[in-house]
Amino acid sequence: MIRLSNVQKTYAARRGSDEHVALRGINLDIAAGEIVGVIGRSGAGKSTLIRCINLLETPTSGSVTVDGTDVTTLSKRDLPLFRRQLGMVFQHFNLLSSRTVFDNIALPLELAGATKAEIAKAVDPLLPLVGLEEKRDRHPAELSGGQKQRVGIARALSSNPKVLLCDEVTSALDPETTRQILTLLKDINKRLGLTMVVITHEMAVVKALCDRVAVMDAGVIVEEGAVEGIFADPKHATTQSLLADEFMDFRAGSEANSTPKTNTTTSGVAAGQEG
Amino acid sequence: MFSTLAPILLQATGETLYMVAVSLTIATAFGLPLGVLLATSGRGELFEALWFQRVFGPLVNATRSVPFIILAVAIIPFTRFVVGTSIGTSAAIVPLTVAAIPFIARIIEGAMREVDGGLIEAAQAMGARPVQVVTKVLLPEALPGIIHGLTLTAVTLIGYSAMVGAVGAGGLGDLGIRYGYQRFRPDVMAAVVITLIVVVQVVQSFGDYLARKADKRNI
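Predicted, not measured: the structure shown is a model, and the values here were computed from it.

**With respect to the interface of chain B and chain A**
Phase 1: Of the residues lining the interface, 22 residues belong to chain B; the matching set on chain A comes to 27 residues.
Phase 2: For the pair chain B and chain A, the summed buried surface comes to about 2,200 Å²; carbon and sulfur atoms form 57% of the total.
Phase 3: Contact with chain A buries area across many residues of chain B, yet B:M126, B:R129 and B:K136 alone supply 29% of it, more than any other trio.
Phase 4: Where chain B touches chain A, the interface holds 2 salt bridges.
Phase 5: Broken down by secondary-structure element, the contributors of at least two residues to the side of chain B that touches chain A are helix 6 (117-125) and helix 7 (130-165) of chain B.
Phase 6: In terms of residue count, the dominant contributor to the side of chain B that touches chain A is helix 6 of chain B (7 residues).
Phase 7: A breakdown of the residues in the side of chain B that touches chain A according to their chemical character gives 9 nonpolar, 5 polar and 8 charged.

Quick look at the structure:
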């Protein structure tokens, strides 16, 4: 479904910053219907990687093939048409504050020139899917973080895409909401058979959601394979340290449960890691 | 006394509102696209065109740095070319418009740059064409700021319109200068000042009301 072949991305040197190589020859194959996680620390290049799939970033060299088309060769005219086949969900939701829940979800269809009837037909079934029937005519300012992300997910699904790109979609959410959003995504994958690419820095997200995972460090995929295999036998130091974080979080969580006093300090540490 | 003052005060107020409304409308028609292009033609932006920034950036700044009364006098030949005369209410609309265009352009530019870049990215990811990013995302999201800015422009134009009164444009400023100042009628001067204050208050309140209605960021 998606194939990245030797994808390189270099940001040219500008005043005040040196040349920066974000991706150094990425090869990744993603089959239809699969959920693939890309995990790494900040600056590993995972956000650049996902943006090379829908060409929000143009690869410096290499090719990106989606559903049989080499997308790096698309013209400026055809690029928007191609992007309508991919849905994208963002860490900070990126909802329009001026639009209601319904109108936010309808936006991709509006951009594609759909009629009012077509929009209603596509959006109305999505509201119960993400559990937001009640919030149909509310504005994003009236919603919680989890509800905003549900709108973001419904919006990404409204144009009936083949692929869903998820960029740190749970990083701005609390653990309970994270669990709900991950369950929702898993459910959507099962029901609609969507291919998903999931960017995250948390192993817990990979464990809960993904079939396969690619571990990134300094613009390179250092380890890749089925989730069970990676968790059972992590080979690369980066993978091991990401897994160690998870174990620490787990221990910190259980300690916090037994002694409520340490709760504030552990959540402080967790917040520090996120930033 | 009031009975003789009321009709001329009313007429002058009407002239002022006419000058401000027409110049604000024409200036928005030019300032809006100019502001949109200033906000989107920078490096790596939607309609990257660095020549546009280099030409219109300084031009806008230059127009804004000329004191209004000097601008009004300096462009008299242009005014005469456009409306056929350089005196009267209609003639005053030309310098008012010319002064307001760069002001509005900067306001629109500023309001659009306030919009979170993540929204532009999201719109592009949805398959929005550059024009659609402007019409469907940037302008609606910037609307509260734009309304605030246009209100500010309207109030500034009311002040400017009193200034062009000094060079024979009619309106409240003209009334204040000719009757209040030159004929030593402090009552007329007071009436003019009070009317101006009331007009500005009404315009500002109306603008604030519209901006609040458009703003859905804090509900």
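Continuing now.
**Considerations on the packing of helix 8 (residues 171-181) of chain B against helix 9 (residues 186-214) of chain B**
All names here are of chain B.
Phase 1: At a closest axis distance of 7 Å, the pairing of helix 8 and helix 9 adopts a crossing angle of 160°. Overall, the two elements helix 8 and helix 9 adopt an arrangement that is roughly antiparallel. For the pair helix 8 and helix 9, the sense of crossing is left-handed. Note on element contacts: helix 9 touches helix 8 through P186, V188, M189, V192, T195 and L196, opposite L172, L175, G176, Y179, G180 and Y181.

**A few points about the UniProt feature "domain: ABC transporter" (unreviewed entry) in chain A**
Phase 1: In the numbering adopted here, UniProt assigns the feature "domain: ABC transporter" (unreviewed entry) to residues 2-243 of chain A.
Phase 2: Secondary structure across residues 2-243 of chain A comprises 36% helix and 26% strand; the distance between its end C-alpha atoms is 27 Å.

**Let's talk about the pattern of salt bridges**
Phase 1: Counted by the stated rule, this structure contains 23 salt bridges over all chains.
Phase 2: The partner of A:K235 in a salt bridge is A:D233, and the shortest N-O contact between them spans 2.8 Å.
Phase 3: For B:R178, the salt bridge is made with B:D174, and the minimal N-O distance between the two is 2.8 Å. Taken together, the residues span about one helical turn, with B:R178 and B:D174 both in helix 8 at a distance of 4 residues.
Phase 4: What makes B:R178 partly exposed here is its relative accessible area of 37%.
Phase 5: By sharing partners, the salt bridges in this structure join B:E45, B:R106, B:E109 and B:R113 into a single network.

**Description of the environment of B:P130**
Residue and element names in this part refer to chain B.
Phase 1: One can find P130 in helix 7.
Phase 2: Classification of P130 as partly exposed rests on a relative accessible area of 35%.
Phase 3: Separated by 85 residues in the primary sequence, P130 and E45 place their C-alpha atoms 9.6 Å from one another.
Phase 4: When residues no more than four places from it in sequence are discounted, the contact partners of P130 are L46 and F47.

**Observations regarding the sheet that holds strand 5 (residues 69-70) of chain A**
Strand pairing in a sheet relies on backbone hydrogen bonds. The paired strands run either parallel or antiparallel.
Residue and element names in this part refer to chain A.
Phase 1: In spatial order, the strands read 2-1-4-5; together these 4 strands make up an open sheet with antiparallel pairing. In this open sheet, the two edge strands, each paired with only one partner strand, are strand 2 (20-30) and strand 5.
Phase 2: Both strand 1 (residues 2-11) and strand 4 (residues 61-66) contribute to a ladder of 5 bridges, which runs antiparallel. Among the inter-strand pairings, R3 is bridged to a residue of strand 4, identified as T65.
Phase 3: Of the strands in this sheet, strand 1, strand 2 and strand 4 touch helix 1 (residues 46-53), which is tilted by about 120° from strand 1.

**Considerations on the sheet that holds strand 9 (residues 212-217) of chain A**
Residue and element names in this part refer to chain A.
Phase 1: Spatial ordering of the open sheet is given by 6-7-8-3-9-10, a layout of 6 strands whose pairing is mixed. Pairing within the sheet leaves two strands with one partner each, and these edge strands are strand 6 (86-89) and strand 10 (220-226). For this sheet, the mean inter-axis angle between neighbouring strands, taken without regard to orientation, is 15°.
Phase 2: Here strand 9 pairs with strand 10 via 6 bridges, running antiparallel. When the bridges of strand 10 are listed, D217 appears paired with V220.
Phase 3: Against the sheet, helix 1 makes contact with strand 3 (35-39), strand 6, strand 7 (163-167), strand 8 (195-200) and strand 9, and its axis sits at roughly 155° relative to strand 7, the strand it touches most.
Phase 4: Contacts from helix 6 (residues 145-157) reach strand 6 and strand 7 within the one sheet, and its direction differs from that of strand 6 by about 170°.

**Notes on the pairing of strand 9 of chain A**
Residue and element names in this part refer to chain A.
Phase 1: For strand 9, the tally of buried residues reaches 5 of 6 residues, placing the bulk of the element in the interior.
Phase 2: Pairing geometry for strand 3 and strand 9, over 4 bridges, is parallel. The residue of strand 9 that forms the bridge with V36 is R212.
Phase 3: The antiparallel pairing of strand 9 with strand 10 creates a hairpin that spans 2 residues between the two strands, and A218 there sits at a positive phi of about 50°.

**Things to note about helix 2 (residues 50-65) of chain B**
Phase 1: With 16 residues, helix 2 of chain B extends 23 Å from end C-alpha to end C-alpha; this agrees with the ideal 22 Å at 1.5 Å per step.
Phase 2: All buried positions along helix 2 of chain B are accounted for by B:F52, B:G57 and B:V60.

**Focus: a nonpolar patch on the surface**
Residues and elements named next belong to chain B.
Phase 1: On the surface, V66, I69, I70, V73, M163 and V167 cluster together to form a nonpolar patch covering roughly 440 Å² of accessible area.
Phase 2: Counting residues per element, the nonpolar patch draws most heavily on helix 3 (residues 68-74), which supplies 3 residues.
Phase 3: Its place among the elements puts I69 in helix 3.

**Observations concerning the UniProt feature "transmembrane region" (unreviewed entry) in chain B**
Residue and element names in this part refer to chain B.
Phase 1: As annotated in UniProt, the feature "transmembrane region" (unreviewed entry) corresponds to residues 17-39, 51-76, 82-105, 146-168 and 188-211 in the numbering used here.
Phase 2: From the first C-alpha to the last, residues 51-76 spans 30 Å; its make-up is 88% helix and 0% strand.
Phase 3: As annotated, residues 82-105 has a helix share of 79% and a strand share of 0%, and its two end C-alpha atoms lie 22 Å apart.

**Quick notes on helix 6 of chain A**
Phase 1: Across its 13 residues, helix 6 of chain A extends 19 Å between first and last C-alpha, which sits within 8% of the 18 Å expected from 1.5 Å per residue.
Phase 2: Residues of helix 6 of chain A that are buried include every one of A:G146, A:Q149, A:R150, A:V151, A:G152, A:I153, A:A154, A:R155, A:A156 and A:L157, and no others.
Phase 3: Turning to helix 6 of chain A, the residues buried within the fold contact strand 6, helix 3 (101-111), helix 5 (126-129), strand 7 and helix 7 (175-192) of chain A together with helix 6 of chain B.

Cut-offs used in this document
Residues numbered from 1 in each chain as written. Chains lettered and ligands numbered in written order. Predicted model: local features only at pLDDT ≥ 70, side-chain atom pairs only at ≥ 80, totals over all residues. Heavy atoms only, no water. Contact = heavy atoms within 4.5 Å. Buried area = accessible area lost by both parts, 1.4 Å probe. Salt bridge = Lys/Arg side-chain N within 4 Å of Asp/Glu carboxyl O. Helix = DSSP H or I, 4+ residues; strand = E, 2+ residues; numbered from the N terminus. Nonpolar A, V, L, I, M, F, W, Y, C, P; charged D, E, K, R; others polar. Axes fitted to C-alpha atoms, helices over the stretch in contact; angles between N-to-C directions. Parallel < 35°, antiparallel > 145°, perpendicular 65-115°, else oblique. Left-handed = near helix turned anticlockwise from the far one by under 90°. UniProt positions renumbered as here; feature names shortened; annotations may be inferred. Buried < 20%, exposed > 50% of the residue type's maximum accessible area, 1.4 Å probe, protein only. Pairing = 2+ DSSP bridges. Expected span 1.5 Å × (residues − 1). Patch = residues over 30% accessible without salt bridge, like charges linked within 9 Å, V, L, I, M, F, W, Y side chains within 5 Å. Areas by Shrake-Rupley, 256 points an atom, 1.4 Å probe, with all protein chains shown as cover.

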